[in-house]
Amino acid sequence: KAFLTFAFGGPNKYTGHSMQKAHEKLVKEKGLNETHYNVIVELLAETLRELGVSNTDIDEVAKVANSVKDDVLCKGMDLTPPSLFERLGGAAAVDAAVDQFYEKVLADSRVKDFFEGVDMKKQRKMQKAFLTFAFGGPNKYSGHSMQKAHEKLVKEKGLNETHYNVIVELLAETL
């Protein structure tokens, strides 16, 4: 009500959210689009006709409504949902998680033997790069494929699905 009074030159001063902010959730989560917007403008026009408003004034209302359409539909806004990497907290969160994760891995009797003789500083660095990439962050992972990276562990140490599940469990606990 306050916005319409303001938009049509009335005495109220609108102090609410911007049109983009007020409608962002509807666009992102409900799919508000131009078809919906046009229906709403037409329903507004019908209501004004029923209230006896002149066609000239209804046309002016439509012009005002159309002047804010791009803002209401969040045109020009980046509506890309944040990546998992961003939602987790970015590089700082991945770095902290990997460090905590390897503390758990190295303490777990089910999988710690796979890391005997491994340069853990390098391992952490590679894991941070891989998880950053896997979670949708900047791609700085230049290591081997997962199959190639673990091939020797499968052949020489018997790495199998049970061990994989332990690693997933520990990672999930960490995150």
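Our structure is the block above this text.
The notes below deal with the structure included here. (Residues numbered from 1 in each chain as written. Predicted model: local features only at pLDDT ≥ 70, side-chain atom pairs only at ≥ 80, totals over all residues. Heavy atoms only, no water.)

## A look at unusual backbone geometry
Piece 1. Positive phi, normally seen in glycine, also occurs at C74, with a value near 60°.
Piece 2. Tracing the sequence through the fold places C74 in the loop between helix 5 (69-72) and helix 6 (84-88). (Helix = DSSP H or I, 4+ residues; strand = E, 2+ residues; numbered from the N terminus.)

## A word on the packing of aromatic side chains
Piece 1. Enumeration over the complete set of coordinates arrives at three aromatic pairs.
Piece 2. Ring geometry for F130 versus F133: centroids 6.4 Å apart, planes at 55°, classification tilted. You can see F130 and its partner F133 sitting in helix 8 (residues 120-134), three residues apart, about one turn around the helix.
Piece 3. Members of the aromatic cluster, connected to one another through ring pairs, are F101, Y102 and F115. (Phe/Tyr/Trp six-rings, centres within 6.5 Å; stacked < 30°, edge-to-face > 60°.)

## Re the nonpolar core
Piece 1. One finds V94, Y102, V105, V111, F115, L131 and L170 to be the most contacted residues of the largest nonpolar core, which totals 17 residues.
Piece 2. Contributions of two or more residues to this core are made by helix 7 (90-107), helix 8 and helix 10 (161-174).
Piece 3. Discounting residues that sit within four places of it in the chain, V111 has contacts with V105, H163, V166, I167 and L170.
Piece 4. Listed in part, the 10 residues of the second largest apolar core include V27, Y37, V41 and V68. (Core = buried A, V, L, I, M, F, W, Y, C linked by side-chain atoms within 4.5 Å. Buried < 20%, exposed > 50% of the residue type's maximum accessible area, 1.4 Å probe, protein only. Contact = heavy atoms within 4.5 Å.)

## Topic: the packing of helix 3 (residues 34-50) against helix 4 (residues 55-67)
Piece 1. Running from N to C, helix 3 and helix 4 cross one another at 155°; their axes reach a closest spacing of 10 Å. Relative to helix 4, the element helix 3 lies roughly antiparallel. Here helix 3 runs over helix 4; the crossing is right-handed. Contacts between helix 3 and helix 4 involve Y37, V41, L44, A45, L48 and R49 on the former and, on the latter, N55, I58, V61, A65 and N66.
Piece 2. Of the residues belonging to the contact of helix 3 with helix 4, the class tally is eight nonpolar, two polar and one charged. (Axes fitted to C-alpha atoms, helices over the stretch in contact; angles between N-to-C directions. Parallel < 35°, antiparallel > 145°, perpendicular 65-115°, else oblique. Left-handed = near helix turned anticlockwise from the far one by under 90°. Nonpolar A, V, L, I, M, F, W, Y, C, P; charged D, E, K, R; others polar.)

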